[in-house]
Amino acid sequence: YFNLKKISSFHEQAAEWGFQRFKTGPDQGTFYHERFLRGLPHLCKKMKNASLSRSMVYVEHIEEFVEPNFWQISSEHPVPEK
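Just so it is clear, the model here is predicted, and its values are computed rather than measured.

1. Digging into the confidence of the model for the protein
Reading fine detail from the predicted coordinates is not recommended where pLDDT is low.
Moving on, step 1. Residues with a pLDDT of 70 or more make up 77% of the protein, whose mean pLDDT is 77.
Moving on, step 2. Per-element confidence in the protein ranges from a low mean pLDDT of 78 for helix H2 (residues 70-76) to a high of 90 for strand E2 (residues 31-32).
Moving on, step 3. Counted against residues more than four places away or in other chains, residues 55-62, with its pLDDT under 50, gives six contacts.

So this is what it looks like as structure tokens:
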């Protein structure tokens, strides 16, 4: 059982950072961000919080969110070894 205020706050914060929520498929209900990927921590530095950057000229326009198929991607491109 979740406190509605806390889970809704989490969803709002995830959206402010640009995370998208999967609506279909095996990953339904999970969140995704193109710059938050396992094995590629350097991409996180390019993430922006929309609430913090409202005064900045930063707009990342996405016409239509296409849910990536992580199962296919990981078989074609395995996570880099350390």
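Read on for the rest.
2. Regarding the layout of surface pockets
Moving on, step 1. Here the largest pocket defines a volume of roughly 500 Å³.
Moving on, step 2. Forming the walls of the largest pocket are 19 residues, and the residues nearest its centre are Leu37, Arg38, Phe70, Ile73 and Ser74.
Moving on, step 3. A per-class count over the lining of the largest pocket returns 13 nonpolar, four polar and two charged.

3. Points about the environment of alanine 14
Moving on, step 1. Within the element layout of this structure, alanine 14 appears in helix H1 (residues 4-16).
Moving on, step 2. On the basis of relative accessible area, alanine 14 is assigned to the buried category, the value being 9%.
Moving on, step 3. Along the backbone, alanine 14 and tyrosine 32 are 18 residues apart, and their C-alpha atoms lie at a distance of 9.4 Å.
Moving on, step 4. When sequence neighbours within four positions are dropped, the list of residues in contact with alanine 14 reads Phe19 and Phe31.

4. Remarks on the environment of leucine 37
Moving on, step 1. Within the fold, leucine 37 resides in the loop between E2 and H2.
Moving on, step 2. Residues leucine 37 and valine 79, spaced 42 residues apart in sequence, show a C-alpha to C-alpha distance of 9.5 Å.
Moving on, step 3. Apart from the residues lying within four places of it in its own chain, the contact partners of leucine 37 are Tyr32, Leu43 and Phe70.

5. A short note on the packing of aromatic side chains
Moving on, step 1. Within this structure, the stated rule accounts for three aromatic pairs.
Moving on, step 2. For the ring pair phenylalanine 19 and phenylalanine 36, a centre distance of 5.6 Å and an interplane angle of 70° mean the geometry is edge-to-face. Taken together, the positions of phenylalanine 19 in the loop between H1 and strand E1 (20-21) and phenylalanine 36 in the loop between E2 and H2 put the pair 17 residues apart, joining distant regions of the chain.

6. Comments concerning the environment of phenylalanine 22
Moving on, step 1. Within the secondary structure, phenylalanine 22 is located in the loop between E1 and E2.
Moving on, step 2. In this structure phenylalanine 22 comes out as buried when scored by relative accessible area, which is 4%.
Moving on, step 3. Counting along the chain gives 45 residues from phenylalanine 22 to glutamate 67, while the straight-line C-alpha distance between them is 6.5 Å.
Moving on, step 4. Other than its neighbours up to four places away in sequence, phenylalanine 22 contacts Asp27, Gln28, Gly29, Thr30, Tyr32, Glu67, Pro68 and Phe70.

What counts and how
- Residues numbered from 1 in each chain as written.
- Predicted model: local features only at pLDDT ≥ 70, side-chain atom pairs only at ≥ 80, totals over all residues.
- Heavy atoms only, no water.
- pLDDT = per-residue confidence, 0-100.
- Helix = DSSP H or I, 4+ residues; strand = E, 2+ residues; numbered from the N terminus.
- Contact = heavy atoms within 4.5 Å.
- 1 Å grid on protein atoms, 1.4 Å probe; cavity = no way out; pocket = protein on both sides within 12 Å on 5 of 7 lines; lining within 4 Å.
- Points joined across faces, edges and corners; volume = space filled by probe spheres on them.
- Nonpolar A, V, L, I, M, F, W, Y, C, P; charged D, E, K, R; others polar.
- Buried < 20%, exposed > 50% of the residue type's maximum accessible area, 1.4 Å probe, protein only.
- Phe/Tyr/Trp six-rings, centres within 6.5 Å; stacked < 30°, edge-to-face > 60°.

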